[in-house]
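What the coordinates show
One-letter residues, chain by chain:
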Amino acid sequence: LYAVRIFGDRLSARASALLAGIDWALDAGMHVINLSLGTSKVEHRAGFEASIRRATRAGAVIVAARDDEGVKWLPGSLPGVLGVQVDWHCPRDQFRVIEAGGMPVFRASGFARPIPGVDPRRNLNGISFAVANMAGFLARAMCVAPTPSAEDAVLRLVRFAQVPIYAGHGDLADDPPGGPAVDPL
């Protein structure tokens, strides 16, 4: 588990710093790259597409915000990324999957881990926490088989969320009732 710092003294950074951070994570052998940030500037698309290709070749998955409050984010809205939306009604121990544009979109809670005695709405919250929650679900799914590929782990999450009785919670090590599903995409 690594934290890669790309910010200096402000909560903003150049796209080149973010791309360099992704490359660093890949060089370090990361399997799940949680990006609780992104950009809406389409001129950075080609750079992110190249990073996504490198991640895919390395067997890693980038988890990032797909869209939030009407803003489409890069790299989370691109194919090959586990795109996340915030779902304010989803419990923290669950996730949901919808289809948008022919791709699965994962929806997770935007709330941080609870603080005893503090209303969750007064704690930190937002799309970054939904992304982090989904990165945790993905990491857990990648640990359930001896040599899971990143792509297999994402498909496991899709299959798992499609079973109404489980609805994205429970034991990710188990196949949904009725055995493994075929690729629903």
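Owing to the predicted nature of the structure, the values given are computational and were not obtained by experimental measurement.

So, how was this worked out
- Residues numbered from 1 in each chain as written.
- Predicted model: local features only at pLDDT ≥ 70, side-chain atom pairs only at ≥ 80, totals over all residues.
- Heavy atoms only, no water.
- Phe/Tyr/Trp six-rings, centres within 6.5 Å; stacked < 30°, edge-to-face > 60°.
- Helix = DSSP H or I, 4+ residues; strand = E, 2+ residues; numbered from the N terminus.
- Buried < 20%, exposed > 50% of the residue type's maximum accessible area, 1.4 Å probe, protein only.
- Axes fitted to C-alpha atoms, helices over the stretch in contact; angles between N-to-C directions.
- Parallel < 35°, antiparallel > 145°, perpendicular 65-115°, else oblique.
- Left-handed = near helix turned anticlockwise from the far one by under 90°.
- Contact = heavy atoms within 4.5 Å.
- Nonpolar A, V, L, I, M, F, W, Y, C, P; charged D, E, K, R; others polar.
- Pairing = 2+ DSSP bridges.
- Right-handed = clockwise from strand over helix to strand, strands pointing away.

Across all of its chains, the model carries three aromatic pairs by this definition. With 6.4 Å between their ring centres and 45° between their planes, Phe95 and Phe106 make a pair best called tilted. Linking Phe95 in strand β6 (residues 95-100) with Phe106 in strand β7 (residues 103-108), this pair joins segments that are 11 residues apart in sequence. Residue classification places Phe106 among the buried positions, given a relative accessible area of 1%. Taking the centre distance of 4.8 Å and the plane angle of 55° together, the rings of Phe95 and Phe137 count as tilted. Here the residue Phe95 occupies a position in strand β6, and Phe137 occupies one in helix α3 (residues 127-142), the gap between them amounting to 42 residues. Judged by relative accessible area, which is 0%, Phe95 ranks as buried. Cluster of aromatic residues (ring-pair linked, three or more members): Phe95, Phe106 and Phe137.

Another aspect to go through is the packing of α3 against helix α4 (residues 150-161). The interhelical angle for the contact between α3 and α4, taken along N-to-C directions, is 115°, at an axis separation of 9 Å. In terms of their interaxial angle, α3 and α4 are classed as roughly perpendicular. Pair α3 / α4 crosses with right-handed handedness. Contact residues: Met134, Phe137, Leu138, Ala141 and Met142 in α3; Ala150, Ala153, Val154, Arg156 and Leu157 in α4. The class makeup of the residues in the contact of α3 with α4 is nine nonpolar, no polar and one charged.

Before going further, it helps to examine the pairing of strand β2 (residues 61-65). β2 sits mainly inside the fold: five of its five residues count as buried. Direction of pairing for strand β1 (residues 32-35) relative to β2: parallel, over a ladder of four bridges. Counterpart to Val32 in the pairing with β2 is Val61. Read from β1 through helix α2 (residues 45-58) to β2, the crossover connection turns out right-handed. Pairing geometry for β2 and strand β5 (residues 82-86), over three bridges, is parallel.

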